[in-house]
Structures are given as structure tokens and as C-alpha cells.
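Coordinate analysis (summary)
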Amino acid sequence: MTQDKLKQAVAISAIDYVIDGEIIGVGTGSTANFFIDELGKIKHRIKGAVASSEATAARLASHGIPVYDLNEVTEIAVYIDGADEINAAGHMIKGGGAALTREKIVASVAKQFVCIADGSKLVETLGKFPLPVEVLPMARNAVMRQLAALGGQPKVRTKAGSEEIFVTDNGGNIIDVSGLVITDPVALETRINQIVGVVAVGLFAARGANVCLLGTPDGVRTVKY
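If you're wondering where the values come from, they're calculated on a predicted model, not measured in any experiment. (Residues numbered from 1 in each chain as written. Predicted model: local features only at pLDDT ≥ 70, side-chain atom pairs only at ≥ 80, totals over all residues. Heavy atoms only, no water.)

With respect to the packing of helix 1 (residues 3–14) against helix 2 (residues 30–41)
The relative placement of two packed helices is expressed as an angle between their axes plus a distance between the axes. Quick reminder of the rule: Throughout, an axis means a line fitted to C-alpha atoms (over the contacting stretch in the case of helices), and angles, computed between N-to-C directions, take values from 0 to 180 degrees. Strands are runs of DSSP state E lasting at least 2 residues, helices are runs of H or I lasting at least 4, and numbering of each runs from the N terminus. Angle categories are assigned with fixed cut-offs, so that under 35 degrees is roughly parallel, over 145 is roughly antiparallel, 65 to 115 is roughly perpendicular, and the rest are oblique. Note: crossing handedness is left-handed where the near helix turns anticlockwise from the far helix by less than a right angle, and right-handed where it turns clockwise. What makes two residues a contact is simply this: any of their non-hydrogen atoms within 4.5 Å. The classification used treats Ala, Val, Leu, Ile, Met, Phe, Trp, Tyr, Cys and Pro as nonpolar, Asp, Glu, Lys and Arg as charged, and all other residues, Gly among them, as polar.
One can describe the packing of helix 1 onto helix 2 by two numbers: an axis separation of 8 Å at closest approach and a directional angle of 50 degrees. When the axis of helix 1 is compared with that of helix 2, the two are oblique. Every pair of crossing elements has a handedness; the one defined by helix 1 and helix 2 is right-handed. On helix 2, the residues touching Asp4, Lys7, Gln8, Val10, Ala11, Ile12 and Ala14 of helix 1 are Ser30, Thr31, Phe34, Phe35 and Glu38. Grouping the amino acids of the contact of helix 1 with helix 2 by side-chain chemistry returns 6 nonpolar, 3 polar and 3 charged.

Considerations on the sheet that holds strand 6 (residues 92–93)
Quick note on the threshold: Whether two strands pair comes down to DSSP finding at least two bridges between them.
Overall, antiparallel pairing links the 3 strands, which are arranged 5-6-12 in an open sheet. Looking along the sheet, the strands with just one partner apiece sit at the ends: strand 5 (85–86) and strand 12 (203–204). When strand 5 meets strand 6, the two strands line up antiparallel, connected through 2 bridges. If you follow Glu85 over to strand 6, its bridge partner there is Ile93.

Notes on the pairing of strand 10 (residues 173–178)
Operational definition: Summary of the burial criterion: residues with accessible area below 20% of their type's maximum are buried, those above 50% are exposed, and those between are partly exposed, where the area comes from a 1.4 Å probe applied to protein chains only.
Counting buried residues in strand 10 gives 5 out of 6 residues, a clear majority hidden from the surface. Across 5 bridges, the pairing between strand 8 (residues 131–135) and strand 10 is antiparallel. Bridge pairing links Glu134 to Ile174 in strand 10. Pairing of strand 9 (residues 153–156) with strand 10, which is carried by 4 bridges, proceeds in the antiparallel orientation. The partner of Val156 across the bridge, within strand 10, is Ile175.

Below, the structure written as C-alpha cells:
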């Protein structure tokens, strides 16, 4: 079974967590895109969605799903999104799609966080996938020095096929930190969040997943935390 087939399988399974008549939080990335396509098939059942990125908002709108600004919403029943890595405790690394800040904000409002991922994303220890950190542009080099002091190898994200620095939907830059072995995700998340100039770190540990739907060749595996 291909990776895309595994992603589609968990996207279909995630529909079971959609609550009729409610507003749904939707993440960003390839797996989330499969979910959006499935959500479009049942759009008559929901009030609408809050998007974690401009790209997600556009895809939702293309399916005729009403998109709400988070400021218009008092609560979200469920937030559904992928992960770049997830461990046995439901702690995640996210941000490969550069939407980590908005993803964190939407997830913080949701009653339940459902992670959808193919089985390769489940790891024993976080850190093989470079940890994304969104920063204010003026603080880029200062933050990189502090991230290096934590033992990582920070690198500024550039646009694909270019040396031009990538800019997020928020006007920030992304620093990808490789070489970390993250044995205490909550503590590291707290530490990096305290660095002046950091907008958000792609560790979702203090607020991790409640449920993970993992796509495997033997079917979708449900893990609850």
C-alpha cells in the first residue's frame, strides 16, 4: 500500500470524529488535504471549518465548506491534522508545512485533537525530523544562536529550489533544527518558547494529540492518549 493510500485511509477514518452541526478545526499538509477532500463529501453535516493556513482555507472553500475566522468562533469540537512525527505519549513534531503557529492556536481551542498519519510517523524518540521554529525575521540570527546552544543544528528554511528565505502566512521565518534527541518534549517546548523572538515551536507536547489514527498495511490503527 502506498503512502498516499495510507493517508487516504486515515482521512476516511477521521470522518467518524466529525461532529454534526459543529465547526471543525482543520490542519495543513498532505494528510490534512486528504481529510479536506473527504470532509467535502459530508459538508452538509457541518456548520463550517476553521483553517490553520491560507492553503487549507483555499482548499476548504474549493469544496464549498464555509471557512470561519477563529475570532468568530467560541469553541471547536475537534481539530484534525497530521504530524511529521508522533511518539507513544501523543507528543508531536509539526511544522513541515510551515503552519505550526496557526495549527497550535486552532488546536488550543479544540476540545479534542485527532492526529492522522501514516505509520512511518510513529517514533520512539522525537527529533529525527528537523524541529521547525517560527521566528520574527529580525530575531532570526539571535534565535539560531540560542538553538545551537541547545545542541541542535539550526538552518533557515528557504523556498523550494531557491535561496530566498521562506515567509510564513504570519510574515515570520522558519528555522529547522536538526540533530536533536528530544527525550523531554514538554520541557524543550517550554524552553524554546521562552526564547525572545520565537513565535512558536513545532513541538506539540504540552497540548498533544488525544487520538492518533495511524495508517498501516493492516488497516487503520487507533491510539488513544
